[in-house]
There are 2 protein chains.
Amino acid sequence: MKIIVIGAAGAVGQAVVKELAARHEVISAGRNSGDIRVDLSDIASIEAMYQQVGAVDAVVSAAGNVHFGALAEMGAAEFAIGINDKLMGQVQLVLIGQKYLNDGGSFTLISGVLSQDPIVYGSSASMVNAGLEGFARAAAIELPRGLRINVVSPTVLTESLPSYGPYFRGFESVPAAKVARAFSKSVEGAQTGQVYSVI
Amino acid sequence: MKIIVIGAAGAVGQAVVKELAARHEVISAGRNSGDIRVDLSDIASIEAMYQQVGAVDAVVSAAGNVHFGALAEMGAAEFAIGINDKLMGQVQLVLIGQKYLNDGGSFTLISGVLSQDPIVYGSSASMVNAGLEGFARAAAIELPRGLRINVVSPTVLTESLPSYGPYFRGFESVPAAKVARAFSKSVEGAQTGQVYSVI
């Protein structure tokens, strides 16, 4: 398969590339690095990425920014970050990408454990992650030509505990390699409309 | 209790007013009718509503627009309708309203069955509804002074079957009065961070 991995330089993205590159042609994409540069918050940038890569069999996203902050101090601007980037950026990967995927191809997006299991400072992330999961369940029943869509929802990465550990006290962490296997299950399996919770 | 009901003129809103007005002081609000006019997509309008009403014990929302359309034909503009109105409009009711609620007060928002159980043309609604549920779970653990937040997630209303029935074939409908009891449970109970699914 020919697979684009967006966010390939991140902790999850690197593990996904490692998992999939052994068996497939992987094209890495990212904001500041990779075979192709793409900014999820910019529709023209997403369209340009697809035009450059051409027809693909799978689109994998391990990318998306969201603002973390106290509920009492957040307003429209802080919520707009996650809406424009992690939420609508990934939705646009599907809206635009449905024209570029080969028959039977797949989209695999990333949400996160906060959709179900919140932390302090995470209200925007919880909203964005849950929204992505709802979108994927719905898009799955409308995509044409056997196209599929799933979401991987990981908890905090073991590799990220040095920086994010204090916000996730008591959460079991998972290694990025385990999260990558959920992406493999989505890309190389046949299910659609699923949320793969990796916790 | 002093309670604002936003979307009071809608099918759910009317039933909620009927349920709560027997025991409480209800102030109705809506885009085109009610004691107070409010446009959920306009932050200044929400702020003005709260300033006009002053301190309240409960904020109930049975309002929010979202675009229904084919996944293949929707773009940023169509998704922005639901994001700016039903999703962020209700989020702003909380972000702004947390300053106006009396200690121990509650927010009750509305999502819908599509968050979990999608229909064709409903990808934006599924995203918005699920996002609201994720937001409420997270906001519940940060709200100060004993403030609470829950979401009511109704399936298609029996009263709406003449217009929406064809889109919800096979779904069991519920009367608006049953949905109103879930709002009562949120407002007059003591739970927080819950999604009351009325299906």
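Okay, so let's go over this structure. Owing to the predicted nature of the structure, the values given are computational and were not obtained by experimental measurement. (Residues numbered from 1 in each chain as written. Chains lettered and ligands numbered in written order. Predicted model: local features only at pLDDT ≥ 70, side-chain atom pairs only at ≥ 80, totals over all residues. Heavy atoms only, no water.)

1. Re the interface of chain B and chain A
Reasoning step 1: Listed as interface residues are 36 residues of chain B and, on the opposing side, 36 residues of chain A.
Reasoning step 2: Of the roughly 2700 Å² buried between chain B and chain A, counting both surfaces, carbon and sulfur atoms make up 71%.
Reasoning step 3: Across the chain B-chain A interface, the total number found is zero salt bridges.
Reasoning step 4: At the boundary of chain B with chain A, the tally comes to eight residue pairs in polar contact (both at pLDDT 80 or more).
Reasoning step 5: Elements with a minimum of two residues in the side of chain B that touches chain A: α3 (76-97) and α4 (123-139) of chain B. (Contact = heavy atoms within 4.5 Å. Buried area = accessible area lost by both parts, 1.4 Å probe. Salt bridge = Lys/Arg side-chain N within 4 Å of Asp/Glu carboxyl O. Polar contact = N/O pair within 3.5 Å; in protein donor to acceptor, adjacent residues only side chain to side chain. Helix = DSSP H or I, 4+ residues; strand = E, 2+ residues; numbered from the N terminus.)

2. Remarks on helix α1 (residues 11-21) of chain B
All names here are of chain B.
Reasoning step 1: Of the residues making up α1, those classed as buried are V12, G13, A15, V16 and L20. The arc that holds every buried residue of α1, seen down its axis, measures 165°, which confines them to one face. Exposed residues on α1 whose side chains face more than 90 degrees from its buried face are Q14 and K18.
Reasoning step 2: Residues of α1 that are buried sit in contact with β1 (2-6), β2 (25-30), β4 (56-61), β5 (101-110) and α6 (176-188). (Buried < 20%, exposed > 50% of the residue type's maximum accessible area, 1.4 Å probe, protein only. Arc of directions from axis to C-beta.)

3. What to know about the environment of S153 of chain B
All names here are of chain B.
Reasoning step 1: Among the structural elements, S153 can be located in strand β6 (residues 148-154).
Reasoning step 2: Separated by 22 residues in sequence, S153 and G131 place their C-alpha atoms 12 Å apart.
Reasoning step 3: In this view, S153 contacts S111, G112, V113, S115, E133, V195, Y196, S197 and V198; residues no more than four positions away in its chain are not counted.
Reasoning step 4: At 3.4 Å, the side chain of S153 forms a polar contact with the side chain of S111.
Reasoning step 5: Here the side chain of S153 touches E133 through a polar contact of 3.4 Å, side chain to side chain.

4. Re the sheet that holds strand β2 (residues 25-30) of chain A
All names here are of chain A.
Reasoning step 1: The seven strands are arranged β3-β2-β1-β4-β5-β6-β7 in an open sheet whose pairing can be described as parallel. Of all the strands in the sheet, the pair left with one neighbour each is β3 (36-37) and β7 (194-198).
Reasoning step 2: Relative to strand β1 (residues 2-6), helix α1 (residues 11-21) is tilted by about 170°, and along the sheet it contacts β1, β2, β4 (56-61) and β5 (101-110).
Reasoning step 3: Packed onto the sheet, helix α3 (residues 76-97) meets β1, β4, β5 and β6 (148-154) and runs at close to 175° relative to β5. (Pairing = 2+ DSSP bridges. Axes fitted to C-alpha atoms, helices over the stretch in contact; angles between N-to-C directions.)

5. Structural notes on the sheet that holds β2 of chain B
What holds strands together in a sheet is hydrogen bonding between their backbones, with the strands either parallel or antiparallel.
Residues and elements named next belong to chain B.
Reasoning step 1: Pairing is parallel in the open sheet, where seven strands are placed in the order β3-β2-β1-β4-β5-β6-β7. Across the chains shown, the open sheet's two edge strands, defined by having one partner strand only, are β3 (36-37) and β7 (194-198).
Reasoning step 2: In this structure, β5 lies alongside β6, joined through five bridges in parallel fashion. Bridge assignment links S106 to a residue of β6, and that residue is R148.
Reasoning step 3: Packing of α1 onto the sheet brings it into contact with β1, β2, β4 and β5, and relative to β1 it is tilted by some 170°.
Reasoning step 4: Across the sheet, helix α2 (residues 43-53) touches β1, β2, β3, β4 and β5, and the angle it forms with β1 is around 155°.

6. Some words on the pattern of salt bridges
Residues and elements named next belong to chain A.
Reasoning step 1: Summed over the entire model, instances satisfying the criterion amount to 12 salt bridges over all chains.
Reasoning step 2: The salt bridge involving R23 is made with E19; its shortest N-O contact spans 3.1 Å.
Reasoning step 3: Judged by relative accessible area, R23 falls into the partly exposed class, the value being 44%.
Reasoning step 4: Looking at E19, the relative accessible area reads 22%, which means it is partly exposed.
Reasoning step 5: Each of E19, R23 and E188 takes part in a single network of salt bridges with overlapping partners.

7. Quick notes on the environment of I110 of chain B
Reasoning step 1: As for its placement among the helices and strands, I110 of chain B is situated in strand β5.
Reasoning step 2: It is 11 Å that separates the C-alpha atoms of I110 of chain B and I149 of chain B, two residues lying 39 residues apart in sequence.

8. Observations concerning a nonpolar patch on the surface
Reasoning step 1: Judged by side-chain polarity, F68, V120, Y121, Y164 and Y167 of chain A together with I141 of chain B come together as a nonpolar surface patch covering roughly 600 Å² of accessible area.
Reasoning step 2: Considering the arrangement of structural elements, one finds Y167 of chain A in the loop between α5 (161-164) and α6 (176-188).
Reasoning step 3: Taking the relative accessible area as the measure of exposure, Y167 of chain A reaches 45% and is therefore partly exposed. (Patch = residues over 30% accessible without salt bridge, like charges linked within 9 Å, V, L, I, M, F, W, Y side chains within 5 Å. Areas by Shrake-Rupley, 256 points an atom, 1.4 Å probe, with all protein chains shown as cover.)

9. Some thoughts on the packing of aromatic side chains
Within a pair of aromatic rings, the relevant descriptors are the distance that separates the centres and the angle that separates the planes.
All names here are of chain B.
Reasoning step 1: In this structure the tally under the stated criterion is eight aromatic pairs over all chains.
Reasoning step 2: Look at F168 and F171: their rings are 5.2 Å apart centre to centre, the planes differ by 85°, and that puts the pair in the edge-to-face class.
Reasoning step 3: With a relative accessible area of 11%, F168 lands in the buried category.
Reasoning step 4: Overall, F171 belongs to the partly exposed group, its relative accessible area being 21%. (Phe/Tyr/Trp six-rings, centres within 6.5 Å; stacked < 30°, edge-to-face > 60°.)

Geometric descriptors of this kind do not, in isolation, establish any biological role.
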